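Chain by chain, the residues:
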Amino acid sequence: AFAAVAGGGSVAVKVLSEALPHRSEVGGVVLRVKDAVGAHAAFKQVRDAALAHIAPEQIEGILIEQMLTPGLEMIAGLRRDPSLGMAVVFGFGGVLAEIIEDVTVRFPPFGEAEARAMLGDLRGARLLGGYRSIEGADIDQVVQFLTALGELAMDLGPEVVAVDLNPVILNRNGVHIADGLIELDS
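All values reported here derive from a predicted model rather than from experimental measurement. (Residues numbered from 1 in each chain as written. Predicted model: local features only at pLDDT ≥ 70, side-chain atom pairs only at ≥ 80, totals over all residues. Heavy atoms only, no water.)

## A closer look at the side chain of Lys14
Here comes step 1: Take Lys14: it is sitting in strand 1 (residues 11-16).
Here comes step 2: Exposure remark for Lys14: the relative accessible area of 6% places this residue in the buried category.
Here comes step 3: Polar side-chain contacts of Lys14 include one of 2.7 Å to the side chain of Glu65.
Here comes step 4: Here Ala178 takes part through its backbone oxygen, which lies 2.9 Å from a polar atom of the side chain of Lys14.
Here comes step 5: Excluding residues within four positions of it along the chain, Lys14 makes contact with Arg23, Gly28, Val29, Gly61, Ile62, Leu63, Glu65, Ala178 and Asp179. (Helix = DSSP H or I, 4+ residues; strand = E, 2+ residues; numbered from the N terminus. Buried < 20%, exposed > 50% of the residue type's maximum accessible area, 1.4 Å probe, protein only. Polar contact = N/O pair within 3.5 Å; in protein donor to acceptor, adjacent residues only side chain to side chain. Contact = heavy atoms within 4.5 Å.)

Take a look at the structure:
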């Protein structure tokens, strides 16, 4: 990751702790760090932010990773319904997921045609093809991703309550999962 900074790229710095499942809400994530000095400062910043909420022994580490190519920020995942089973959820996401509330849901099994229909369900579906300065997504790869997510949903045991992938970055280069959380039944 420091090689990315040295080579002119940028990195994300994230605190790792099961006690902080939504680390960005407590200052546990710093994005677009451009140099080693900034990476060192970001390391201290996310550590200190975490320590304001949890004990030192609850910090599992600090992750430094190369930033992804920008694109549309989506949310994807799985949610277990007590009577219907695991559902695939997909929609516009990132930090605005709860505000935008543009998601679609399907219960597997489903194939590529149904995955493609999921994209059409979204109010912001036109953005997936690109709009003004917004780069569009590789729709075929998004369809493959949703189909694979549906297959995964059918393979998971009952101990998995939810899988949250947020953000999932869509661009012409494909589908990139930037962060994820798996929730297990206690």
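## Quick notes on the sheet that holds strand 1
Here comes step 1: Read across the open sheet, the three strands follow the order 2-1-3; overall the sheet is antiparallel. The sheet is open, and its two borders are formed by strand 2 (29-33) and strand 3 (61-66), each paired with just one other strand. The sheet shows a mean angle of 20 degrees between the axes of neighbouring strands, direction not considered.
Here comes step 2: Two strands pair when backbone bridges link them, and strand 1 and strand 3 are joined in this way by six bridges, in the antiparallel orientation. Bridge pairing links Leu16 to Gly61 in strand 3.
Here comes step 3: Packed onto the sheet, helix 2 (residues 36-51) meets strand 1, strand 2 and strand 3 and runs at close to 170 degrees relative to strand 2. (Pairing = 2+ DSSP bridges. Axes fitted to C-alpha atoms, helices over the stretch in contact; angles between N-to-C directions.)

## Quick notes on the environment of Gly91
Here comes step 1: Looking at where Gly91 falls in the secondary structure, it is placed in strand 5 (residues 85-92).
Here comes step 2: Taking C-alpha positions, Gly91 is 17 Å from Arg80, a pair spaced 11 residues apart along the chain.

## Here's the deal with the environment of Ile75
Here comes step 1: Secondary-structure assignment places Ile75 in strand 4 (residues 72-81).
Here comes step 2: Under the relative-accessibility criterion, Ile75 is labelled buried at 16%.
Here comes step 3: In sequence terms Ile75 and Asp179 are 104 residues apart; their C-alpha atoms lie 9.9 Å from each other.

## Section: a nonpolar patch on the surface
Here comes step 1: The grouping of Leu84, Val105 and Phe107 at the surface amounts to a nonpolar patch, some 270 Å² of accessible area in total.
Here comes step 2: For Phe107, the location among the structural elements is in the loop between strand 6 (103-106) and helix 4 (112-121). (Patch = residues over 30% accessible without salt bridge, like charges linked within 9 Å, V, L, I, M, F, W, Y side chains within 5 Å. Areas by Shrake-Rupley, 256 points an atom, 1.4 Å probe, with all protein chains shown as cover. Salt bridge = Lys/Arg side-chain N within 4 Å of Asp/Glu carboxyl O.)

## Considerations on the pairing of strand 5
Here comes step 1: With seven of eight residues buried, strand 5 is to be regarded as a mostly interior element.
Here comes step 2: The pairing of strand 4 with strand 5 spans eight bridges and is antiparallel. The residue bridging Gly77 from the neighbouring strand is Val89, located in strand 5.
Here comes step 3: In this structure, the hairpin formed by strand 4 and strand 5 is closed by a connection of three residues.

## Side note on the nonpolar core
Across soluble globular proteins, nonpolar side chains have a tendency to be buried as a group.
Here comes step 1: One finds Met74, Val88, Phe90, Leu128, Phe145, Leu146 and Leu170 to be the most contacted residues of the largest nonpolar core, which totals 26 residues.
Here comes step 2: The set of elements that each furnish at least two residues to this core consists of strand 4, strand 5, helix 4, helix 5 (139-155) and strand 7 (160-171).
Here comes step 3: Sort the elements by how many residues they give to this core and helix 5 lands first, with six residues.
Here comes step 4: Each residue touching Phe145, except ones within four places of it in the same chain, is listed here: Ala76, Phe90, Leu165, Val168, Val175 and Ile177. (Core = buried A, V, L, I, M, F, W, Y, C linked by side-chain atoms within 4.5 Å.)

So, to be careful, I would describe these as geometric facts and stop short of saying anything about function.
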